[in-house]
Amino acid sequence: MRKYIFVSLLLAFSLVRAQNPPANTPALRPFSDVLHSIMTPPPAKTRADGVEDFLCIECNHYNQFVQYATASDPARLKELAKQMQLKLANQVEQSRVDMQSGGGPGASGSASAVAKAGLSSILSAAIESGAITQAINGNTINITGNVDAVSRFLAGGPPIPYCPASPNPKAGCGTPVLKDLGFSVSVDTDQNSTKTASTSATDNPAGTPSTVNLLAGKNRFAGASLKYVFRNPRDVHSSQFRTEWSTFYTNNVTQFQNAGAQLSGVLAKVFSPIIRDRNADYTAIQMRHRPLLLAAADQAALETQMASYLDEVLTFGRANIPDFDKQLRSVLSAYMLYLGNVNELLKTINEKAVFSAEYNFQRPQGQPDTSAFRIMSSFNPFGRDANGTLSVNVAGTFYNSSSVTTQFGRWRDAQASLQLERRIGDDLANYPARFSLAAYFQYMLSPGLISLDSGNFAPGTNINLGQSAAIALAPIGPIWIGEAKLTLKLKGSGAEIPISITESNRTDLIKSTVTRGHIGLTFDFAKLFGSN
Amino acid sequence: MACQIRRDPTGIHRFLAPQGATLTLCIKSASDLAHLTAANLNNSPVAVNDPCVTFTIVAGANLLIITVVSPDNNDTITVFEDCGDGTQQQIDQYSYNPNDPARGFVIIGQ
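Parameters at a glance
Residues numbered from 1 in each chain as written. Chains lettered and ligands numbered in written order. Predicted model: local features only at pLDDT ≥ 70, side-chain atom pairs only at ≥ 80, totals over all residues. Helix = DSSP H or I, 4+ residues; strand = E, 2+ residues; numbered from the N terminus. Buried ≥ 20, exposed ≤ 12 C-beta atoms within 10 Å, placed from the backbone. Contact = placed C-beta atoms within 7 Å. Nonpolar A, V, L, I, M, F, W, Y, C, P; charged D, E, K, R; others polar. pLDDT = per-residue confidence, 0-100. Pairing = 2+ DSSP bridges. Axes fitted to C-alpha atoms, helices over the stretch in contact; angles between N-to-C directions.

Asks: Describe the overall build of chain B, listing the residues and the values that go with them.
Replies: Within chain B, the secondary structure is distributed over zero helices and eleven strands. In chain B, the succession of α and β elements from N to C terminus is β-β-β-β-β-β-β-β-β-β-β. The proportion of buried residues among the 110 residues of chain B is 41%. Counting contacts in chain B only where the partners sit at least 6 residues apart, residues at least 24 apart contribute 67% of the total.

Written out as structure tokens, the structure is:
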């Protein structure tokens, strides 16, 4: 959600700054700072300086002027802003590489040896086949979501909140804490089982048994997790940042230049005819209003004169430029897109590494239940170049059951892993695929355990267990895994296909080298919003 | 070559320059982090050579719009004319507003 917050705060409405009280005339609020600089000139400035600054719309008041012009139709303006926000949100989502949709390395069906630190903006789903650390391959459906977005959706509201200007932009929008809190639920599918069915002796051939065991598939709840994402802002004055900014700008110069060219082009189309009018009517309007503005006795009079000037410029524009109001709205759209595009780029460089922490309750098939704590970070090791993300995980797993911990100890394993991932292609959002290499290390502090239910016999005996028990199957020791993964991105759909291959020295239960393939299908619902 | 942009002594316009003159405007920022990303003269894009842009003044009002980007939201941008003989002339100085990166200059070609 933080991506949306950042973009939303940059919408055109946010020009109203908080340090001065707003103008009393609602339509003039975008000019509040200018108003106050005329009423109370800052040091080394005069009232005349403030008036000149205000009169010069083409100097630095394009956005404010357009907001003033469209203020008479706030509903349409708000709708436009919402549409732009959704477009931007979609662009942001399409460019994300920090999100974990599938299960982590401990799931029975997973294509990822390393979990990423980011959070789904709304809801994502994944079905993945193949195990990373587990002895038995499985198929796992994983649903991950953002607590804030899902609760908004369930309450009947939009999952992506509309965020107009805030007097405290740092607060962002969305529900505090919840917007950075994620959850996941995993279900193992098609677990092999048998079902006993009765036969009808009279209808079947002679010798048919009265009951038969049929192969059947079943789904089972495999685990759930909670994740909280932490982030830290960057110091733009540090020497490290300056070096990184230089590299980052060079690598993204085309996008910065395109964004600037688009904005200046739209502005020029609207304002050049006003400025270059043969009769110099715009200049005449300025000259006529200059003394009136200077003579305004108080704030109310000044606001009246400011509105009078802006209205006259608008009247002039509407009389001389075809579709003037439509063009003004296109300026507003251009600002929103510029701010969304450029500031999303800036956000990439302005953010430090992403940190998140996760609690994961796991129900591995045929093994005792476990809990895992994982700390994750995603950052760029190449001077904040957008193309290249390193994800690092540190985790520990312990057994939940006291009967198991009494016999084998509380801690099951400790894990450390890292993954380097790069986009294939330069486009931030519309790249075709990503490629990653990962290394995973897990040290089994306790032997790998399997669960036996009460109907089984103690190993090597014919003594019925009488109650559920766990037995050690594999010794303690290290597990090493290497992974190569290609994630195909189905453009604009929100769907991705991760395909990976892993090589490990052993699994948690079986001590022998294993090479396995993994495939999955993930779908991020957030990428659908604003895509049209 | 001497600087070619001058203030309008009548106060009617901000800047004057000889018709047909080729001007070079550059930016610099207090943080030294800002970049000139785009420029548009009279509704036509002009290639930028960050941090400068070079263009030719035509008769009458010329509207130059530039866009600047800086990662420092509190940056101060100075716009100056590169007069070509090692001298510079400050044209404008303003606080960078990340929400309004465009700045316009009307220069009357005479």
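Asks: An account of the interface of chain B and chain A is needed here, citing residue identities and associated values.
Replies: With 26 residues of chain B in contact, the opposing surface of chain A contributes 35 residues. Those elements giving two or more residues to the side of chain B that touches chain A turn out to be strand E4 (35-41), strand E8 (60-69) and strand E11 (102-109) of chain B. A total of six residues in the side of chain B that touches chain A trace back to one element, the largest contributor, which is E8(B). In terms of residue class, the side of chain B that touches chain A is made up of 14 nonpolar, nine polar and three charged.

Asks: Tell me about the environment of Arg14(B), residues and numbers included.
Replies: Residues and elements named next belong to chain B. For Arg14, the location among the structural elements is in the loop between strand E1 (6-7) and strand E2 (15-17). Taking the number of C-beta atoms within 10 Å as the measure of exposure, Arg14 has 18 and is therefore partly exposed. With sequence-adjacent residues up to four places away left out, Arg14 is seen in contact with Asp8 and Val106.

Asks: I'd love a proper account of unusual backbone geometry, names of residues and values included.
Replies: Here Asp50(B) and Pro51(B) are connected by a cis peptide whose omega angle stands at 15°. Within the element layout of this structure, Pro51(B) appears in the loop between strand E6 (48-49) and strand E7 (52-56). The backbone phi angle of Asp323(A) is positive, close to 50°, even though this residue is not glycine. With respect to the element layout, Asp323(A) can be found in the loop between helix H11 (299-320) and helix H12 (324-350). Note on Asp323(A): 10 C-beta atoms within 10 Å, which makes it exposed. In this structure, Asn43(B) is a non-glycine residue whose phi angle is positive, near 70°. With respect to the secondary-structure elements, Asn43(B) resides in the loop between E4 and strand E5 (44-46). Assessed through the 18 C-beta atoms surrounding it within 10 Å, Asn43(B) is described here as partly exposed.

Asks: Tell me what's going on with the confidence of the model for chain A, and back it up with residues and numbers.
Replies: Residue and element names in this part refer to chain A. Of the residues in chain A, 70% have a pLDDT of 70 or more, and the chain-wide mean is 77. Note on residues 1-19: pLDDT under 50 across the span, and 66 contacts to partners over four residues away in sequence or across chains. Taken as a whole, residues 163-172 scores under 50 in pLDDT and shows 16 contacts with residues more than four places along the chain or in a different chain.

Asks: Now, about the sheet that holds strand E9 (residues 76-82) of chain B: what can you tell me, with residues and values included?
Replies: All names here are of chain B. Strand order in this open sheet of five strands is E6-E7-E3-E9-E10, and the pairing throughout is antiparallel. Since the sheet does not close on itself, it has two edges, and those belong to E6 and strand E10 (88-95), each with one partner. Pairing geometry for strand E3 (residues 22-29) and E7, over five bridges, is antiparallel. Bridge assignment links Leu23 to a residue of E7, and that residue is Phe55.

Asks: Mind laying out the environment of Ala433(A), listing which residues take part and the relevant values?
Replies: Residues and elements named next belong to chain A. Its location among the elements puts Ala433 in strand E9 (residues 433-444). Among the residues examined, Ala433 registers 15 C-beta atoms within 10 Å and is labelled partly exposed. For the pair Ala433 and Thr487, spaced 54 residues apart in sequence, the C-alpha separation works out to 5.4 Å. Residue contacts for Ala433: discarding those within four places in its chain leaves Ile424, Leu486, Thr487, Leu488 and Lys489.

Asks: Before we move on, could you go through the sheet that holds E2(B) and cite the residues and values that matter?
Replies: Within the open sheet, the six strands sit side by side as E1-E2-E11-E8-E4-E5 (chain B). Their pairing is mixed. On the outer flanks of this sheet lie E1 and E5 of chain B, each paired with one strand and no other. Relative to E2(B), E1(B) runs antiparallel, the two sharing two bridges. Bridging across to E2(B), Arg6(B) finds its partner in Leu16(B). Here helix H9 (residues 253-275) of chain A sits on the sheet in contact with E4, E5, E8 and E11 of chain B, set at roughly 35° to E4(B).

Asks: With reference to specific residues and values, describe the pairing of E8(B).
Replies: All names here are of chain B. Burial analysis of E8 places nine of its ten residues in the buried class, which makes it a mostly covered element. Bridge analysis of E4 against E8 gives six bridges, and the strand direction is antiparallel. What sits directly across from Asn40, in E8, is Ile65. Both E8 and E11 contribute to a ladder of eight bridges, which runs antiparallel. Bridged to Leu63 within E11 is Val106.

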